[in-house]
Amino acid sequence: MRRQKRDMNTRAFDKGYQAGVSGRSLDYCPHENDAHRQNWISGWREGRCDQWDGLTGVSGVHKMRAL
């Protein structure tokens, strides 16, 4: 099993970041578990900040986490 699938908190953060960068609303958080929801929201906030700073597309490639 891949490490990404085992660590749900990291995966929730990454998915939240992707949602934030793409401009999706905070209401689209798919998690009901408090810990996973908090990580998703943290990723979403960071993604929104990066979107506002213009780090989308090729500009934000350096922010990608190594898989």
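In case you missed it, the structure is sitting above this.
Per chain, residues are indexed from 1 in the order of the written sequence. A pLDDT threshold of at least 70 governs which residues receive local features in this predicted model, and a stricter bar of 80 or more applies before side-chain atom pairs are shown or counted, although totals over entire chains, interfaces and linings include all residues. With hydrogens and water excluded, all non-hydrogen atoms of the structure serve as input to the side-chain values.

Any chance you could explain the side chain of His31 here in plain terms?
Inspection of the secondary structure assignment puts His31 in the loop between helix H2 (8-21) and helix H3 (34-52). Here, two residues are considered to be in contact whenever any of their heavy atoms come within 4.5 Å of each other. Leaving out residues up to four positions away in the same chain, His31 has contacts with Ala12, His36, Arg37 and Trp40. Each helix is a run of DSSP H or I of at least 4 residues and each strand a run of E of at least 2, with the numbering of both proceeding from the N terminus.

Honestly, H2 in this entry has me stumped. Any pointers?
One turn of the α-helix equals 3.6 residues, which is why residues spaced by three or four share an orientation. Here H2 is 14 residues long and its end C-alpha atoms lie 20 Å apart, about the 20 Å a rise of 1.5 Å per residue gives. Burial classes follow relative accessibility: with a 1.4 Å probe on protein chains only, a residue under 20% of its type's maximum area counts as buried, one over 50% as exposed, and anything between as partly exposed. Of the positions making up H2, those classed as buried are Ala12, Phe13, Asp14, Gly16, Tyr17, Ala19 and Gly20. Trailing H2 by a residue or two, Gly23 shows a phi angle of about 90°, which is positive. Multiply 1.5 Å by the residue count of a helix minus one, and that product is the helix's expected span.

Teacher, can you tell me more about the nonpolar core here?
Within soluble globular proteins, side chains that are nonpolar tend to cluster in buried spots. Grouping buried Ala, Val, Leu, Ile, Met, Phe, Trp, Tyr and Cys residues that are joined through side-chain atoms within 4.5 Å yields what is termed a nonpolar core. Counting 6 residues, the largest nonpolar core is built from Ala12, Ala19, Cys29, Trp40, Ile41 and Trp44. Among the elements of the structure, H2 and H3 are those that each provide at least two residues to this core. Counting residues per element, this core draws most heavily on H3, at 3 residues. When near neighbours in sequence (up to four residues on either side) are disregarded, Ala19 contacts Arg24, Trp40 and Trp44.

That is the geometry; function is a separate question.
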